[in-house]
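A closer look at the structure
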Amino acid sequence: MEFLNQNTPIHLVNGVNIPCIGYGTWQTPAGEVAAASVRAALEAGYRHIDAASAYGNEEGVGEGIQTSGVRRDEIFLTSKLNNPDHGYEQTKRAFAESLKALKTDYLDLYLIHWPNPISCRNNWEEMNAATWKAMEELYESGQIKAIGVSNFRQHHFEALAKTANVAPMVNQISLSPGLTQTSICSYCQEHGMVMEAYSPLGTGRILQLEEMRYFAEKYNHSIAQICIRWSLQMGFIPLPKSINASRIRENINVFDFKLSDEDVSTIASIQAGSVARDPDTINF
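These remarks concern the structure in this document.

Rules of the game
- Residues numbered from 1 in each chain as written.
- Predicted model: local features only at pLDDT ≥ 70, side-chain atom pairs only at ≥ 80, totals over all residues.
- Heavy atoms only, no water.
- Buried < 20%, exposed > 50% of the residue type's maximum accessible area, 1.4 Å probe, protein only.
- Helix = DSSP H or I, 4+ residues; strand = E, 2+ residues; numbered from the N terminus.
- Arc of directions from axis to C-beta.
- Contact = heavy atoms within 4.5 Å.
- Pairing = 2+ DSSP bridges.
- Right-handed = clockwise from strand over helix to strand, strands pointing away.
- Axes fitted to C-alpha atoms, helices over the stretch in contact; angles between N-to-C directions.
- Phe/Tyr/Trp six-rings, centres within 6.5 Å; stacked < 30°, edge-to-face > 60°.
- Lys NZ or Arg CZ within 6 Å of the ring centre and 35° of its normal.
- Polar contact = N/O pair within 3.5 Å; in protein donor to acceptor, adjacent residues only side chain to side chain.

Details of helix 9 (residues 245-252)
Residue pairs three or four apart in sequence face the same way in an α-helix, which turns once every 3.6 residues. Within helix 9 the residues assigned to the buried category are Ile248, Asn251 and Ile252. What you see down the axis of helix 9 is that its buried residues fit within an arc of 95 degrees, all on one side. Structurally, helix 9 contributes buried residues whose contacts are with strand 3 (23-24), helix 1 (32-44) and helix 8 (223-233).

Listed below in structure tokens is the structure:
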């Protein structure tokens, strides 16, 4: 695929388009820091904002969008269901709270954040089914343009498929050089899902690797830009995060170069020490 700019669309199975790169808000401090960071991202050209109830900063994200001068219908906005809110009624209530915090009357994408939180460890399959039913109804009502999941593995999808009427359209997982999660990516793509990559820069160690310095020098771009460009060429939607305005701009300036196929494969196999959390053993 030819990535022309940050708004090159990735097509979901229902015809909804997502800009190919998004601005992540995980670990962004709440309040004015979140608002200023989102404004900086929108000023830099991002039109895809990834939020979550669990991040505790939805109000700041909403404020940033509202005060940015960018129309809401020009922005692809995602949020996610927090772990304690699984269940039919709880999902409806949590969704309404996210809309209020984000100062919007719809979401472009809503995700189940984790498939097996500790709050429903003994009945996760039943709770996901009830949650998904609520999300399907919100989707059918037009309050959500697309629905999906995060951190799901194959057995979670197989359990959800027993009762789902609408298949998940997105799976957002940890993906970065050296952490390709090939098995679940292949499964999702075979089932028509788009993969989103949170933490596309991986751990801090990636930025210190000699192999990555080599590619940065070869392509005359920063290691962060190499990671983000790699993610795009792997077929993922990267969601880089920063509260530094210059880094926010840097992270989106990845459309003036292209990695060779050989270099994409080499970067994928780098030993970066990154490990994905097991969704069935998380303690939150």
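Following the structure, the description resumes.
Concerning the pairing of strand 9 (residues 194-198)
Consecutive residues of a regular strand have side chains that alternate between opposite faces of the sheet. The buried fraction of strand 9 amounts to 4 of the 5 residues, a majority that puts the element mostly inside the structure. Two strands pair when backbone bridges link them, and strand 8 (residues 170-174) and strand 9 are joined in this way by 5 bridges, in the parallel orientation. Paired with Val170 across the bridge in strand 9 is Val194. The β-α-β motif built from strand 8, the intervening helix 6 (residues 182-190) and the parallel element strand 9 has right-handed crossover chirality. Bridge count between strand 9 and strand 10 (residues 236-239): 4 bridges; the pairing is parallel. Its bridge partner being in strand 10, Tyr198 is matched across the sheet by Leu239.

Section: the sheet that holds strand 8
Ordered in space as 3-4-5-6-7-8-9-10, the 8 strands form an open sheet in which the pairing is parallel. Where the open sheet ends on each side, the last strands, each with one partner, are strand 3 and strand 10. Across the sheet, helix 4 (residues 124-140) lies against strand 5 (76-81), strand 6 (109-112) and strand 7 (147-150), angled at about 145 degrees from strand 7, the strand it touches most. Against the sheet, helix 8 engages strand 9 and strand 10, with an angle of about 150 degrees to strand 10.

A short note on the pairing of strand 5
Of all the 6 residues making up strand 5, 6 are buried; the element is thus mostly covered by neighbouring parts of the structure. In this view, the connection linking strand 4 (residues 48-50) to its parallel neighbour strand 5 by way of helix 2 (residues 58-66) has right-handed handedness. Relative to strand 6, strand 5 runs parallel, the two sharing 4 bridges. Opposite Thr78, over in strand 6, you have Leu109 as the bridge partner. Note on the crossover from strand 5 through helix 3 (residues 88-102) to strand 6: the handedness is right-handed.

A look at the packing of aromatic side chains
Between two aromatic rings, the relevant description is the distance of the centres plus the angle of the planes. Per the counting criterion, the structure on display carries 8 aromatic pairs. Judged by centre distance (5.8 Å) and plane angle (35 degrees), the ring pair of Phe157 and Tyr187 falls under tilted. Here Phe157, found in helix 5 (residues 154-160), pairs with Tyr187, found in helix 6; they are 30 residues apart in sequence, far enough to count as distant. Comparing Phe157 with Tyr187 shows no difference in burial state: the two are buried. Summarising the aromatic geometry, the rings of Tyr214 and Phe215 are spaced 5.1 Å apart at their centres and angled 70 degrees between planes, so their arrangement reads as edge-to-face. Through successive ring pairs, a cluster of aromatic residues spans Phe152, Phe157 and Tyr187. The ring of Tyr106 has Arg72 sitting right over it, with the charged end atom 4.0 Å from the ring centre. Note that Lys145 overlies the ring of Tyr106, its terminal NZ or CZ placed 5.2 Å from the centroid.

Brief notes about helix 8
Most of helix 8 sits out of view: 10 of its 11 residues are buried. All of the buried residues in helix 8 are Ile223, Ala224, Gln225, Ile226, Cys227, Ile228, Arg229, Trp230, Ser231 and Leu232. Where helix 8 is buried, its residues meet strand 9, helix 7 (210-219), strand 10, helix 9 and helix 10 (261-268). Where helix 8 ends, the next residue or the one after it, Gly235, has phi of about 95 degrees, a positive value.

Comments concerning the environment of Ser150
Secondary-structure assignment places Ser150 in strand 7. With 21 residues separating them in the primary sequence, Ser150 and Asn171 have C-alpha atoms 5.0 Å apart. In contact with Ser150, not counting residues within four places along its chain, are Leu111, Ile112, His113, Trp114, Pro115, Asn171, Gln172 and Tyr198. Side chain to side chain, Ser150 and Asn151 meet in a polar contact 3.1 Å long.

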